[in-house]
Amino acid sequence: MSVNQQAHAGLPYGQPQPGYQGYQQSGYGGQQMSGVHHSQYGAYNGPLPGYQQPAPPQGYFSSLGFPSKGSPVSLNSDTPTLAPNFIGTLRAPPTSGAPPPTSGASVPAGHPVYSQFGQGDVQNGVATSAVQMQRPSASQPFIPGTAPAPISQPATFRQYGPSPTSAQQLTNHMAGMQIGSSTSAPLPAGLGYGPPTSVPPASGNFTVTGSGLYTSYSSSQGPPPVTMTHGLPPTSLSQGLSLAQPAFSGPPLSAQHRPQAPGFLPPPCSTGIEPSSYPSATGAPRPSTMQGSQLSGQALTGLPTSQPNHVSSPPPHPSMSGPAMTGLQGPPPPTHPSQSGYQMQQNGSFGQVRGPQPNYGSAYPGTPNYGSQPAPPPPPKRLDPDSIPSPIQVIEDDRNNRGSEPFITGVRGQVPPLVTTNFLVKDQGNASPRYIRCTSYNIPCTSDMAKQSQVPLAAVIKPLATLPTDEAPPYLVDHGEPGPIRCNRCKAYMCPFMQFIEGGRRFQCCFCSCVTEVPPHYFQHLDHTGKRVDFYDRPELSLGSYEFLATVSYCKNNKFPNPPAFIFMIDVSYNAVKSGLVRLICEELKSLLDYLPREGNMEESAIRVGFVTYNKVLHFYNVKSSLAQPQMMVVSDVADMFVPLLDGFLVNVNESRTVIVSLLDQIPEMFADTRETETVFAPVIQAGMEALKAAECAGKLFIFHTSLPIAEAPGKLKNRDDRKLINTDKEKTLFQPQTSFYSNLAKDCVAQGCCVDLFLFPNQYLDVATLGVVPYQTGGTIYKYAYFQLETDQERFLNDLRKDVQKEVGFDAVMRVRTSTGIRATDFFGAFYMSNTTDVELAGLDCDKTITVEFRHDDKLSEDSGALLQCALLYTNCAGQRRLRIHNLSLNCCTQLADLYRNCETDTLINFLAKFAYRGVLNNPVKTVRDTLINQCAQILACYRKNCASPSSAGQLILPECMKLLPVYLNCVLKSDVLQPGAEVTTDDRAYIRQLVSSMDVAETNVFFYPRLLPLTKVDVDSDTLPAAIRNSEERLSKGDMYLLENGLNIFVWVGVNVQQGLIQNLFGVSSFNYISSTLNTLPVLENPFSKRVRSIIDMFQAQRSRYMKLIIVKQEDKLEMLFKHFLVEDKSMSGGASYVDFLCHMHKEIRQLLS
Amino acid sequence: MATYLEFIQQNEERDGVRFSWNVWPSSRLEATRMVVPLACLLTPLKERLDLPPVQYEPVLCSRQTCKAVLNPLCQVDYRAKLWACNFCFQRNQFPPAYAGISEINQPAELMPQFSTIEYIVQRGSPTPLIFLYVVDTCLEEEDLQALKESLQMSLSLLPPEALVGLITFGRMVQVHELSCEGISKSYVFRGTKDLTAKQIQDMLGLTRPVVPVQQGRPLQPQEQPPISSRFLQPVHKIDMNLTDLLGELQRDPWPVTQGKRPLRSTGVALSIAVGLLEGTFPNTGARIMLFTGGPPTQGPGMVVGDELKTPIRSWHDIEKDNARFMKKATKHYETLANRTAANGHCIDIYACALDQTGLLEMKCCANLTGGHMMMGDSFNTSLFKQTFQRVFSKDFNGEFRMAFGATLEVKTSRELKISGAIGPCISLNAKGPCVSENELGIGGTCQWKICSLDPSSTLAIYFEVVNQHNAPIPQGGRGAVQFVTQYQHSSTQRRIRVTTIARNWADAQSQLQHIEAAFDQEVAAVLMARLGVYRAESEEGPDVLRWLDRQLIRLCQKFGQYNKDDPNSFRLSDSFSLYPQFMFHLRRSPFLQVFNNSPDESSFYRHHFSRQDLTQSLIMIQPILYSYSFSGPPEPVLLDSSSILADRILLMDTFFQIVIYHGETIAQWQKAGYQDMPEYENFKHLLQAPLDDAQEILQTRFPMPRYINTEHGSSQARFLLSKVNPSQTHNNLYAWGQESGSPILTDDVSLQVFMDHLKKLAVSSAS
């Protein structure tokens, strides 16, 4: 039924616009989506929440349809009209569903909006019928859509509400019933929506009381019962996006379950379990509703054989399921054709529109789950979430295709595998992608091209990146007294691209073409190919990355540097002492000091350490080895900071061990009774810097700070947090430092090579934006532990501290990026300081810090010579040795835009765009930044469409293969806390994240913006392989499953209400879901394979990230779930961020506008 | 004669007072013609074994402007229980406690032998003594070690309940917290920044913070000890801690590069010490003891830059106005000294270095507060060690020979007014009817504060006779002066010592011989010398000398017997006979001559001259010379080059130096080792005798003199040769024959020449 309806719907849409047909042919139900998008666009910036929610569902449907067909890329613009209608109807429910708490308020607002949209739709001429059609279609598409993921089930419920009106009488009845119960429902659709309003609470109810929810659900949708069956659904309901999905899922769910059953066996089980729990819950609250729900449930259950209760609904389900199934399968068929196209795309030929689509299709097939379901509905035009480009799919494909063989860097302009792929790098003349990644490996020859494409040309450089153990670290080259060989003119260092001429007596610089005499001691004959005979003996001639030992002329004041020093500066004000932090730090330092970084073969670290504690005044400690007891020196003259002692402040750990231990023992005691609540901050940094200056060395300060520095001193701050500024022109001030004092201080620090790492333990606003200035500009790191509690945060903090202390770090560094003629580095992003336009000065640079460099043309490039980069980093290593690390990279140049688009790397692009945007918020209103970002991406894609894609209907969305994830990732960036803060995000959080992202590498931004979501219940305890990740959408969660989500900062373990007791017992050591403590921050150590495996996975993730992630256990329907949902980035977000589908539609519209 | 000498001596022993004139000229005009002003040397706390303090409060005259203390000179009406004040003639009721008073039953203060009496008064709670060590750490290792030992030793000398504190300084200034166990804490200040008292107290946390009200933490009763306790602790409590702390003191760790002086923040260290005590224990007895091993080289109070190539200012530089830091530094220390004095604390300076340490600039710290000043070459010398030890010497009662926070008030009968005082004191600016407009020394007040004094501290107090010539004083009239010294005894008691003296008036025209006979030339010399030295602080050296010469000539003209223009007829009576000789030596003394002395040395010498008692002052002016020979017992000999004989051993005491000088023959004998031969035991004894005598002097002298054991021809002999009267020089050697003595290579005039000139000028009718 639904399928047919959908098809109808699709046709009408398609008819209005020729493009549609084409699309339809292609099998992109997405047309509707596009239509939806249009409507959404209007809503987009403004009433996003409401719009998106409603719209998304529709859009999704339509889009889903498209994707299913195989080319998620193309979306029909026509669909929009339909979509609006849908939205109107659908929205309400979604909204309600999505934000359970807020739903009450938001929903009403949403309704009016919707109505408007609806009108708009009508005007569009889509015809009410279309609307109706859509609804059914929507429901249908949902079904298919839902099929893939049990998660969608909840969504289906809601959708059922709407869908019933259109397609399923039963469901309609159900809805009607429910509506009646909840509120009066003028129209079926309306009814459906109406309920949704009630639903929102309902969703809330789900967590709280099943009954309430159910009633609402039931009112909105017959399916509720279905939801009953599926533990997860409710949660999905809560999400705006889910709404769309729900519709799908509802029917599909049942269908899906079946199909999935094989793959997702657990869900059914869980459902089986859940029912019991559910009923109880529901029953308690509202029996009547229960009944309603039961009815619906029965209907649903009918479908899922697992639950007899639901049987009543089965009728619809069967029908539904049928279409749903088809819907699901739908995509596959197209996929087949698309597959070929897909491959094509991979090859880089985007010539045919179909190509891309097929690609998607191919992608789908790639994924067994999706592919498994043959879906006839493909023809439907709805956007199927499964059919739009899936990051998971792309990642999986890349992993499968490129993970097996080593990446050999010898060839110019090679695009490396994705950051998510494990691969081995063999350095044959270009720097490993672990050191440098570029947005594009094929640079347009002219600036006009570059401008036209709008693709930023940037390199993300991580000069000191840690390599896997099976890759050799850069070779050290020692040229002795004369130092490295360099070009006379541009001072570029000897590298594989230098051309030796005149029999090897001279070499021509590959960057500036200047010819330089080869010094006699370096002379070597050339072989017949013009290669030096010692080519393979010299790393600087054969490798992309290597190090030179610097001579004294590369050192400050022409003096070899002293070994660096670490200074630990501990806040001992009341808060720090009371929370146990001081004691914790002191205890930890005792053992941690044995793990200071040391240079390769050295027996002990050359790094000296010093200790300072402070509140309103500073306490320095003399820990000279000859003392019996440490001595404390108090400096209260914070206005004019100085270091009170020289000898004995910075000491060798082993020599002064007893004194240091004694000190660390005593510090907590000394301040145990402190009443000092005020702290200073700037003087602390000054003190550390002065200490380093006095000791004539570079070094790092580890500052452990708890509060806003309000004590009378330089750099004193006031509380200026003001949430009212958000979304105003003054919002940028929240990101700017309060005073310029810290910038100047940072400058001094950099001059001294004083890097600052800041550990913050705030209980309230402490102005990260200002406090972070020095750490940021000195190449330091900020760690923030809000509301630090010993029990829960200790582990994370200690691990961070350990990692931070132990990690490889270079000091007093200067980085310069040289480029071949034609382009030059024009802009730099990251944690550093620049006193001129070319040199990046870093007081400290650790192995996790990246510097992003943007290039611009200043001349033409030639395809023959390509473009070369040389990144030279002069730094002092932890042994106090001055070194030069050189990374070389050669890129291709192109005269055809298609080449550019074929050699892009979306992850890097997103990394750059995020950094660009995050810096932009310092000076521009956030909205402007967002618009700029969207606009740029639209231009990039439009340029592709215009110049590279084969002619096709304007309504079709065509994405370059390499950039097909650009929209979804971009959406994640736009929805991030910095650019679109939710109500619970503090100003400090935003400032913190803003700075954090600025020095992230590509792998980190990738997972940060698009978290990794793993179904734990699918874990194979006997194998090392991870289960396939799933997409970040609530509809893909099953309440019978557990999931693990990580984004580089947090790890969530989400537990569905219907998870098998056995699993809960195994993992948490408690007997049932209800006993799981949501305050857990570690998983109990239990001796069973499942627990071990899960913990090892978590440990593995922790090891991969530069920060120890906070582990949060989220129980479905628990209040923490809100937080969790924030990371389901494909869904509509609470703060108004668009769902993936919505955003895709929006992008499409933007592109179309640009094209027309 | 004898009677006057006895009288003078008796008075001195009883009251610690010696007047220049013991019979006072009765009119202002006559008094000014006496040349030597009517003045006295007062030793307020002169040790009196026979003076048990009385345990009650003094009875005061009820007139507000007078408030003189009841004394033996007062007329008492035993029946009416009234007494008349002998200064203002106010009649006063005795207080009720004196109800039983009668001729037979007199209170002590009315008995003539109690012209000096000491009261113990109970006021407020006694506060312990405070000793704040301010220690320079820019010392050589050896010096620092010695200093640390001395300081550790001193802890055992302090009364157990005394509070001690420790500040060390070098490039930085560290205020050590003493209350903590385990880890030693100190507050560190940068040595270049002058801080106000308020800032210092804030930074030390001495201002009691507003106790933040912590939620969920009930306000506990304030069991916190006094805030100051962190820095000042009773000796008995932290004896061990402080000993360890001192033991661990390190040399200033900041590197000193070649050609530089260590950076020494003396100015800030002192400022912090002053601020610390100011904030915690104002107006209680406290000593800030500064131990410094070099000049302040940075921050406020710096005396010289850290470049070694720039030497410290010399007198030459000062004359040429070339001492660029001097004025500013002096001002800094003066400000500190005044603040310290206002708080009743005192500053001691123990400076040990081979070069100057900036005593010139810092002198006021000791001068104005009554603190000690000590100058030596190294802390690792007995000179310092024993001097420092002697600071804590005790009297026969086992009490410290130091008193704190004294206020000296002088009251005079109507014919007299007070011109001023010279000594380790500071004006309290107390105006009164007895304050003269003509200032001599620190004038314009009748009250002075002496923040620290010991039994030998002596002030010169100058008076002016204001009685007009036409208002003769009745025969037998007596002028009276009362000195009231309130102070904190080292036992922390508050005490008041009252000395009341009276002298006869005499009409200078008719009774000049009486006055003349009652002249005390010794004290007069000292009093004039103090005036001279006081002037020398602010005037050019030659001016002072000229002034002194003129005074001497005038005195000779006034009291000499001569025929006009006949120098040979000039005679002085016995009571004046030594005076010119004192002046001769005074002119040559380091107090007035800066040649061959660094500014620091001059300051040091002047400091001590301005506070020592009469005997010591005379020794300073005219060193004592003893001669030891086989020909008889040791005898004092003339301080003259003729006394330097080959077969004599000389012992010279200049107060600052003890010189033992072996004549040429003696030295040869000693080299030959005769003293070790049994048959020459007498020679051994001869050698030993001056050593024993010197030891005796060393035992009692404060500060320890420099002990020099030298012989004929040795470089150290210069100490002797520079002091003796150069009666034989290379100029007149052959004229005088060679029978005795040893020629001095100098162009200085000899006493003989000086006297000849004096006579000539005195008898000259031209002047």
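Residues numbered from 1 in each chain as written. Chains lettered and ligands numbered in written order. Predicted model: local features only at pLDDT ≥ 70, side-chain atom pairs only at ≥ 80, totals over all residues. Heavy atoms only, no water.

Would you explain the UniProt feature "domain: Sec23/Sec24 helical" (unreviewed entry) in chain A in this entry?
Here the UniProt-annotated "domain: Sec23/Sec24 helical" (unreviewed entry) positions come out as residues 906-1005 of chain A. Overall, residues 906-1005 of chain A shows 63% helix and 0% strand. The separation of its end C-alpha atoms is 11 Å. (UniProt positions renumbered as here; feature names shortened; annotations may be inferred. Helix = DSSP H or I, 4+ residues; strand = E, 2+ residues; numbered from the N terminus.)

Is there a simple way to think about the interface of chain A and chain B in this case?
For an interface, size is often stated in terms of accessible area lost upon the parts coming together. Taken residue by residue, the interface counts 31 residues in chain A and 27 residues in chain B. Of the roughly 2,500 Å² buried between chain A and chain B on both sides combined, carbon and sulfur atoms contribute 53%. Of all residues in chain A, the largest losses of buried area upon contact with chain B belong to Val634, Phe642 and Arg675 of chain A, amounting jointly to 25% of the total for that side. Between chain A and chain B we count three salt bridges in total. With its nearest N and O atoms 2.6 Å apart, the salt bridge here joins Arg190 of chain B to Asp640 of chain A. Run the count over chain A and chain B and you get 11 residue pairs in polar contact (both at pLDDT 80 or more). Listing elements by their share of the side of chain A that touches chain B, those giving two or more residues are β14 (631-635) and α28 (657-670) of chain A. Top element by residues in the side of chain A that touches chain B is β14 of chain A. It accounts for five residues. The residue inventory of the side of chain A that touches chain B, partitioned by class, reads 19 nonpolar, six polar and six charged. Two strands pair when backbone bridges link them, and β14 of chain A and strand β11 (residues 184-190) of chain B are joined in this way by five bridges, in the parallel orientation. Note on β11 of chain B: the bridge partner recorded for Met633 of chain A is Ser186 of chain B. (Contact = heavy atoms within 4.5 Å. Buried area = accessible area lost by both parts, 1.4 Å probe. Salt bridge = Lys/Arg side-chain N within 4 Å of Asp/Glu carboxyl O. Polar contact = N/O pair within 3.5 Å; in protein donor to acceptor, adjacent residues only side chain to side chain. Nonpolar A, V, L, I, M, F, W, Y, C, P; charged D, E, K, R; others polar. Pairing = 2+ DSSP bridges.)

Would you take a moment to explain the packing of aromatic side chains for this structure?
Two measures describe an aromatic ring pair: the distance that separates the ring centres and the angle between the ring planes. Residue and element names in this part refer to chain A. Throughout the structure, instances matching the rule amount to 71 aromatic pairs over all chains. Where Phe681 meets Tyr742, the ring centres are 5.9 Å apart and the plane angle is 40°; that geometry is what we call tilted. A residue pair is termed long-range when its members are at least 10 positions apart, and Phe681 in the loop between α28 and α29 (682-695) and Tyr742 in helix α30 (residues 741-752) qualify at 61 residues. The residues Phe681 and Tyr742 share a single accessibility class, namely buried. A cation over a ring is seen here: Arg532 above Tyr522, with NZ or CZ 4.3 Å from the ring centre. Positioned above the aromatic ring of Phe1101, the side-chain terminus of Arg1012 is 3.8 Å from the ring centre. (Phe/Tyr/Trp six-rings, centres within 6.5 Å; stacked < 30°, edge-to-face > 60°. Buried < 20%, exposed > 50% of the residue type's maximum accessible area, 1.4 Å probe, protein only. Lys NZ or Arg CZ within 6 Å of the ring centre and 35° of its normal.)

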